[in-house]
Amino acid sequence: MAMNFQIRLVDKLKLFLLMIVRNHYQRTAVFCQKMAKDYDKKGATLLDVGAGDSPNKRYFKNVCYLTQDVVQNKTESIKYVCDINKGIPEIQGSTLNLILCTQVLEHVKEPHKVFKEFNRLLKPGGRLFLTTN
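**Looking at the overall build of the protein chain**
Part 1 of the reasoning: Looking only at helices and strands, the protein chain features 2 helices and 5 strands.
Part 2 of the reasoning: Helices and strands in the protein chain line up, N terminus first, as α-β-β-β-β-α-β.
Part 3 of the reasoning: The burial tally for the protein chain puts 37% of its 133 residues in the buried class.
Part 4 of the reasoning: Considering only contacts within the protein chain whose residues lie at least 6 apart along the sequence, 58% involve residues at least 24 apart.
Part 5 of the reasoning: For the protein chain, the exposed surface amounts to about 9,000 Å²; the carbon and sulfur share of it is 57%.

**Looking at the sheet that holds strand E4 (residues 96–102)**
Part 1 of the reasoning: A sheet is described by the order of its strands in space; here 5 strands give the open sequence E3-E2-E1-E4-E5, paired in parallel fashion. If you trace the sheet from one side to the other, it starts and ends with strand E3 (80–81) and strand E5 (122–131), each paired once.
Part 2 of the reasoning: Packing of helix H2 (residues 111–121) onto the sheet brings it into contact with strand E1 (45–49), E4 and E5, and relative to E5 it is tilted by some 140 degrees.

**Focus: unusual backbone geometry**
Part 1 of the reasoning: Even without being glycine, Ser94 reaches a positive phi, approximately 55 degrees.
Part 2 of the reasoning: Structurally, Ser94 can be placed in the loop between E3 and E4.
Part 3 of the reasoning: Positive phi, close to 60 degrees, is recorded for Gln103, a residue that is not glycine.

**Focus: the side chain of Thr67**
Part 1 of the reasoning: Position of Thr67 relative to the elements: it lies in strand E2 (residues 64–69).
Part 2 of the reasoning: For Thr67, a relative accessible area of 5% gives the class buried.

**Focus: the pairing of E2**
Part 1 of the reasoning: The element E2 is largely enclosed, with a buried count of 5 among its 6 residues.
Part 2 of the reasoning: As judged from the 5 bridges shared by E1 and E2, these two strands associate in the parallel manner. Of the residues in E2, the one forming a bridge with Val49 is Gln68.
Part 3 of the reasoning: In the sheet, E2 pairs with E3 via 2 bridges, with the strands oriented parallel. If you follow Asp69 over to E3, its bridge partner there is Val81.

**Some remarks on H2**
Part 1 of the reasoning: All buried positions along H2 are accounted for by Val114, Glu117, Phe118 and Leu121. Along the long axis of H2, the arc covered by the buried residues comes to 105 degrees, so they all point the same way. Facing away from the buried side of H2 by over 90 degrees, the exposed positions are His112, Lys116 and Asn119.
Part 2 of the reasoning: In this structure, the buried side of H2 is in contact with E1, E4 and E5.

About the cut-offs
- Residues numbered from 1 in each chain as written.
- Predicted model: local features only at pLDDT ≥ 70, side-chain atom pairs only at ≥ 80, totals over all residues.
- Heavy atoms only, no water.
- Helix = DSSP H or I, 4+ residues; strand = E, 2+ residues; numbered from the N terminus.
- Buried < 20%, exposed > 50% of the residue type's maximum accessible area, 1.4 Å probe, protein only.
- Contact = heavy atoms within 4.5 Å.
- Areas by Shrake-Rupley, 256 points an atom, 1.4 Å probe, with all protein chains shown as cover.
- Pairing = 2+ DSSP bridges.
- Axes fitted to C-alpha atoms, helices over the stretch in contact; angles between N-to-C directions.
- Arc of directions from axis to C-beta.

Listed below in structure tokens is the structure:
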């Protein structure tokens with residue numbers, strides 16, 4: 001009886017954690033949809049930092065959508081494979097209209113350097129959209 005209770009408790013905990021993760025991804029998706037509604041404009045350039053498999057690209061049909069991550073993904077769609085802590089020297093300063101950085105900042109070693117790089121990359125009046133845990 002005790003073993004059966006423990007198994008059910010573990011299953012319930014797994015389900016609870018899965019619900020939290022799904023809710024978190026859903027909230028991030030809604031955030032990106034709203035952002036795209038206001039800022040997905042032809043002529044704008046967006047950098048998705050920590051893009052992974054680029055799940056947010058589907059919301060941006062008009063911008064020039066650039067990607068960065070520390071590793072290349074399966075589809076090899078990451079344009080800048082580098083450590084954002086060290087910057088992206090291939091991108092000239094003051095050239096981006098938008099930076100999207102979802103669930104990345106809590107993983108970087110030196111967030112102050114990352115913010116400095118974001119500031120360097122953004123045009124005057126450019127926007128940083130950030131989510132974190």
